[in-house]
Amino acid sequence: MSAGVVVGPDGLARCPWGLEAESMEDYRRYHDTEWGHPVHGDDALYERMCLEAFQSGLSWLTILRRREGFRAAFADFSIAKVAAFTEADAERLLADPGIIRNRAKISAAIGNARVAAEWAPGELDAFIWSYAPDGARRAPRTMADVPPTTPESTALAKELKKRGFRFVGPTTAYAMMQACGLVNDHLANCHARGGA
């Protein structure tokens, strides 16, 4: 993978992961239209938290290609609906080929919904966004400049765990922060940097 931006067939410079050959269209669309764009709303942030947890140890492409399956299986990531899932629902999810069938991750997704359901509307959104770094950071020039964790993601993960959330370590928390626009890690000269 190239360290800096890569110019695609459309003439636009992108972060190199946005143009991986095997999956260029899937990654390009996600890179250009979602990653790094601000995401608000409790259910929307819960979805990203779940997807990042399911991605742990796997390729993000695997998650992207099963995203609609995840949405169908997890009631469009409605916190209220997932919080009401029963043991029968957990067993249904373990048999669903449209998602990643990992018992610990499924259990965490349901448990995290139950924790979030106890919060007031908008509280999860405000809580997560309170960990956005203050001020602008220097744009990364290469992928080597993009950290796997930050003090903010470490603090967010610690507080989420303290409040009962699972599968939200510092790396997963930082990936969620990147995906949801709390930080802008599009490389300098990436065409999506200004739009994110």
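Residues numbered from 1 in each chain as written. Predicted model: local features only at pLDDT ≥ 70, side-chain atom pairs only at ≥ 80, totals over all residues. Heavy atoms only, no water.

A. A look at the nonpolar core. Counting 58 residues, the largest nonpolar core has Tyr46, Phe70, Phe74 and Phe165 as its most contacted members. If we skip the residues at most four places from it in the chain, phenylalanine 165 touches Met49, Asn112, Val115, Ala116, Trp119, Leu124 and Leu160. (Core = buried A, V, L, I, M, F, W, Y, C linked by side-chain atoms within 4.5 Å. Buried < 20%, exposed > 50% of the residue type's maximum accessible area, 1.4 Å probe, protein only. Contact = heavy atoms within 4.5 Å.)

B. A look at the side chain of glutamate 159. The residue glutamate 159 is located in helix H8 (residues 151-162) in this model. Ignoring any residue separated from it by four or fewer positions in sequence, one finds glutamate 159 in contact with Phe127 and Tyr131. (Helix = DSSP H or I, 4+ residues; strand = E, 2+ residues; numbered from the N terminus.)

C. Spotlight on the layout of surface pockets. Here the largest pocket is characterised by a volume of approximately 510 Å³. Trp35, Gln55, Trp60, Ala175 and Gln178 are the residues nearest the centre of the largest pocket, which is lined by 20 residues in total. For the lining of the largest pocket, the elements supplying multiple residues, two or more each, are helix H1 (24-33), helix H2 (42-55) and helix H9 (170-179). For the lining of the largest pocket, the element with the highest residue contribution is H9, accounting for 6 residues. Within this model, the second largest pocket holds a volume of roughly 160 Å³. In terms of lining, the second largest pocket is formed by Asp26, Arg29, Tyr30, Thr33, Glu34, Leu64, Arg65, Arg67 and Glu68. By residue class, the composition of the lining of the second largest pocket is 2 nonpolar, 1 polar and 6 charged. (1 Å grid on protein atoms, 1.4 Å probe; cavity = no way out; pocket = protein on both sides within 12 Å on 5 of 7 lines; lining within 4 Å. Points joined across faces, edges and corners; volume = space filled by probe spheres on them. Nonpolar A, V, L, I, M, F, W, Y, C, P; charged D, E, K, R; others polar.)

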